[in-house]
Amino acid sequence: MKRTFTICGTILMAAALASAQEKPAGPPHDMEHMHHGGFMQEGMHHAVAKGVMLDAKVDAAAHTVTLRVGPLNLPAHTSHMKMPQPPDLVWEIPIDGWLLAYHPKLVYASGNAVPGTVLHHVAFWNENRPDFLCPNKEEHIFGAGSEMTDWAEIPGYGYRVQKGDKIRVETMMHNPTATSYDKAYLEVQIPFVDESAGSVGKLIRNVYPAWMDVASCGNSGYDLPAGKSEKTGTVTVKYDGALLGVGGHLHDYGKQIVLEDVSRKETVATLEAKADAEGHLESVPVKLFVQEGGYKFAKGDVLKISATYDNSSGKLLRDGAMGIAVGYFAAADDAKLAALRRKSAPPHDMAGMSHDH
Ligand SMILES: [Cu+2]
């Protein structure tokens, strides 16, 4: 089936930050193309890596599932365009309950670590739910880039899942290093609560990932001009609720991401990126509002997102930038957000996403 976007992402929460990206995956009705998990970026197909599987191991006693994508063969000095990429893989949720956190790492079969820098991005999409801010997209429940952002648990909160939900796992690798890595695995550890185990014992409130993008509800990637630049976008909140925290996703040369509630004339967060001397992005901070019960949003509030860059490369970088504020949202009336669920995956020909790249 057609995959409408790919992500290069990372989120945040409690010392985690955010990152994400989605791109149109190809022309509409390009079923064959996507069925084989190919991506299309800048008009090129990625070759598909052979023999890459998704393995899910549930440790019922530890209430943790470990997902493993691999084996991945990663020759040195290979861009994400040249690297054969894993196909989209689907993890079928085995429980009714909540996912609490996401802990990504790269390892060999032996368990030895592989540097995170070979991960271009990984993204998890819930095919059974639309995004609550941008319903033309699927709900993007987890993302990480080379910084291997850890999505820590927020005590008292979790992401509601139902048995049989289909989580599409999109993985893109590259290897900018001089070392080849062979038979590596991407591992994501996910602590969960199983409702039927009868041991919930505490109230878990539902949270929803909120991706607030300078591209509004469109394709996240954009061309980065040389020198200083700023891009802004808006998105309208459709539900009363509270943002529990917010991080940001930028690419190299990114300086700052600002989230404002223009209806209230308030700045929600100003996040200053950290970068090295060459402008390579190192991190974007996370601002938490959990203590004060979250930053309140009202239905109808218009959020403005601004990303500033200073591209010192001296040239325009095609599709080189993204600017996304990423947070967790808790609705005042959870029933409304819970109801966004749908029985099956969308036709993947979703409005607004059919433009090609
Ligand atoms: Cu990105």
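These figures come from a predicted structure and were not determined experimentally.

Caption draft 1: A look at the packing of aromatic side chains. Following the criterion strictly, the structure yields 14 aromatic pairs and no others. Ring centres of Tyr 222 and Tyr 309 lie 6.4 Å apart, and the angle between their planes is 85°; on these two criteria the pair is classed as edge-to-face. Here Tyr 309 lies in strand β26 (residues 302-311) and Tyr 222 lies in strand β17 (residues 222-224), a separation of 87 residues in the sequence. Between the aromatic rings of Tyr 295 and Phe 297, the centroid separation amounts to 5.8 Å while the plane-to-plane angle is 65°, which identifies the pairing as edge-to-face. Using a relative accessible area of 5% as the deciding quantity, one classes Phe 297 as buried. Members of the aromatic cluster, joined through ring pairs, are Tyr 102, Phe 124, Phe 142, Trp 151, Trp 211 and Tyr 328. Over the ring of Tyr 185 we find Arg 68; its NZ or CZ atom is 4.7 Å from the centre of that ring. Its guanidinium or amino end placed over the ring of Tyr 222, Lys 231 lies 5.1 Å from that ring's centre, counting from NZ or CZ.

Caption draft 2: Region of the structure containing unusual backbone geometry. For the bond from Gly 70 to Pro 71, the omega torsion is 0°, close enough to zero to count as cis. Note on placement: Pro 71 falls in strand β6 (residues 64-74). You will see that His 77, though not glycine, has its phi angle at about 50°, which is positive. Tracing the sequence through the fold places His 77 in the loop between β6 and β7 (89-92). One non-glycine residue with positive phi stands out, namely Lys 265, at about 55°.

Caption draft 3: Representation of the sheet that holds strand β20 (residues 254-261) within the structure. Reading across from one edge, β18-β26-β20-β21 is the order of the 4 strands in this open sheet, with antiparallel pairing throughout. Looking at the sheet topology across the chains shown, the edges are occupied by β18 (227-236) and β21 (266-272). Pairs of neighbouring strands in the sheet enclose a mean axial angle of 15°, with direction left out of account.

Calculation criteria
Residues numbered from 1 in each chain as written. Predicted model: local features only at pLDDT ≥ 70, side-chain atom pairs only at ≥ 80, totals over all residues. Heavy atoms only, no water. Phe/Tyr/Trp six-rings, centres within 6.5 Å; stacked < 30°, edge-to-face > 60°. Helix = DSSP H or I, 4+ residues; strand = E, 2+ residues; numbered from the N terminus. Buried < 20%, exposed > 50% of the residue type's maximum accessible area, 1.4 Å probe, protein only. Lys NZ or Arg CZ within 6 Å of the ring centre and 35° of its normal. Pairing = 2+ DSSP bridges. Axes fitted to C-alpha atoms, helices over the stretch in contact; angles between N-to-C directions.

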